[in-house]
Amino acid sequence: MRLFSTLALALALVAFGGAARAHDLQIGDLELGHPWIAEAPPGAPTAAGYVDIANQGETPDRLLAVRCAFAERAEIHEMTIDDAGTMQMRPLPQGLEIPGGQTVKLERGGFHLMFMHVMERPVAGDMIPVTLVFEHAGEVEAMFMVQKAADGGMEMDDGMEMEMESGQ
Amino acid sequence: MTTRRLVVALGILVLAAVLGAAALIVRYGESDEAALAPVDIGGPFTMTDQYGATVTEQDLLGHPSLVFFGFTFCPDVCPSTLAEIAAWLDELGAEGEDLAVYFVTVDPARDTAEVLGQYVGYFSPRIVALRGTTNQTDEIVASYKAYAKRVDMGDGTGDYLMDHSAAVYLMDSKGDFFDAIIFTATPEEAVAKLRKLIAAS
Ligand SMILES: [Cu+2]
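What you see is a predicted model, and the numbers here were worked out from it, not measured in a lab. (Residues numbered from 1 in each chain as written. Chains lettered and ligands numbered in written order. Predicted model: local features only at pLDDT ≥ 70, side-chain atom pairs only at ≥ 80, totals over all residues. Heavy atoms only, no water.)

Residues and elements named next belong to chain A. Two elements, strand β4 (residues 61-68) and strand β7 (residues 96-98), share three bridges in a ladder whose sense is antiparallel. From the neighbouring strand, D61 faces β7, where its bridge partner is I98. Sheet topology note: the β4/strand β10 (residues 127-134) ladder contains five bridges and is antiparallel. Among the inter-strand pairings, L63 is bridged to a residue of β10, identified as F134. (Pairing = 2+ DSSP bridges. Helix = DSSP H or I, 4+ residues; strand = E, 2+ residues; numbered from the N terminus.)

All names here are of chain B. With mixed pairing, the seven strands of this open sheet are ordered in space as β2-β1-β5-β4-β3-β8-β9. Each edge of the sheet is formed by a strand with only one pairing partner; in this case those strands are β2 (54-56) and β9 (177-181). If you compare each strand with its neighbour and ignore which way they point, the axes differ by 35 degrees on average. For strand β1 (residues 46-49) and strand β5 (residues 127-131), the ladder comprises two bridges, and the chain directions are antiparallel. Residue pairing across strands places D49 opposite L130, the latter belonging to β5. In the packing of helix α2 (residues 77-92) onto the sheet, the strands contacted are β3 (65-70), β4 (100-105), β5, β8 (168-171) and β9, and the crossing angle to β3 comes to about 165 degrees. Along the sheet, helix α3 (residues 113-123) makes contact with β4 and β5, crossing β5 at roughly 155 degrees. (Axes fitted to C-alpha atoms, helices over the stretch in contact; angles between N-to-C directions. Contact = heavy atoms within 4.5 Å.)

The copper ion binds to the protein through H77 of chain A (ND1), M89 of chain A (SD), H112 of chain A (NE2) and M114 of chain A (SD); the donor distances cover 2.1 to 2.4 Å. As a motif over one chain, the donors of the copper ion read H-x11-M-x22-H-x1-M. (Donors = N, O, S within 2.8 Å, 3.2 Å for Na, K, Ca; no water.)

Time to look at the interface of chain A and chain B. Every contact between the two is made by 33 residues of chain A and, on the other side, 28 residues of chain B. Of the roughly 2400 Å² buried between chain A and chain B, counting both surfaces, carbon and sulfur atoms make up 64%. If you look at where chain A meets chain B, you find three salt bridges. Here chain A and chain B share 14 residue pairs in polar contact (both at pLDDT 80 or more) between them. (Buried area = accessible area lost by both parts, 1.4 Å probe. Salt bridge = Lys/Arg side-chain N within 4 Å of Asp/Glu carboxyl O. Polar contact = N/O pair within 3.5 Å; in protein donor to acceptor, adjacent residues only side chain to side chain.)

From the geometry alone we can't say anything about function, so treat these as descriptive.
This is the structure:
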């Protein structure tokens, strides 16, 4: 068992390289950059997750679903603010397309992963596993780092090793 | 004769159009929020704060105020804006000590006084959460020419979202509308507007 996990770690390091930043990870043609969740205020029933998804391939992929254990449900949402200043938040039932050769950023005021009815409040410093399901690249579990919203999802050297299980 | 009258009339029309366009340009040039922030924003309301005290439009008199509409089920624009407001207050320091901040829930069904107290207190002890009955909420939304609409998610879970005005309204010490700060404003732009508000109050 021990040998197996050491081997797996070694393989992971070889496959994904020392160049990847702390908790960035690669699945197929997709590179997931700085997955983070905004620390939720006490009493808040929801939380939002953000990540940059870079598609290094030529064909489009699609983020279809998101799963987690710390909230009852997770969805992919889009925020828009119209000319009259009205904010709308809507689920994306068809998911989110990641065009070939492009990076789609989930960021505040735009797309977010919506965690509804959080059972455990995400607090800055937590690392929370979240599974992202892509149409072509498959499933990947990414560790999302919880940061205070005021830190704006700035890249931090958390010194933590990424953990991942791809495919299923 | 008739032709001449027609020409004069046309001339007047053209002149009016040019003047109208110029007035519009001037208006939009003054403030990029002119379109979403007519000057008759503000007016009567009766709400309850997180401590159980009644707050009305009278409480806005004598000091500048910020008024922001939102709901705690929103994990993105609402908490980001409250975090930004807290940062503006820090930046202003003593200069902003008279500035009152009101967070008005557009979702009183889910946002109880207890939830609201914890929620706004997390960002700043200076933020006052305002909650009302459905009618009271409708009244303050109407007074501020704001917008709030429930949108059911229609997925059988009973969850719903709220479309709502996302701008922060700046009210002067007479309780009149002064300006607005939109979501995309930079911290520098926001603090500059707040300094103008404080100077004018
Ligand atoms: Cu959402």
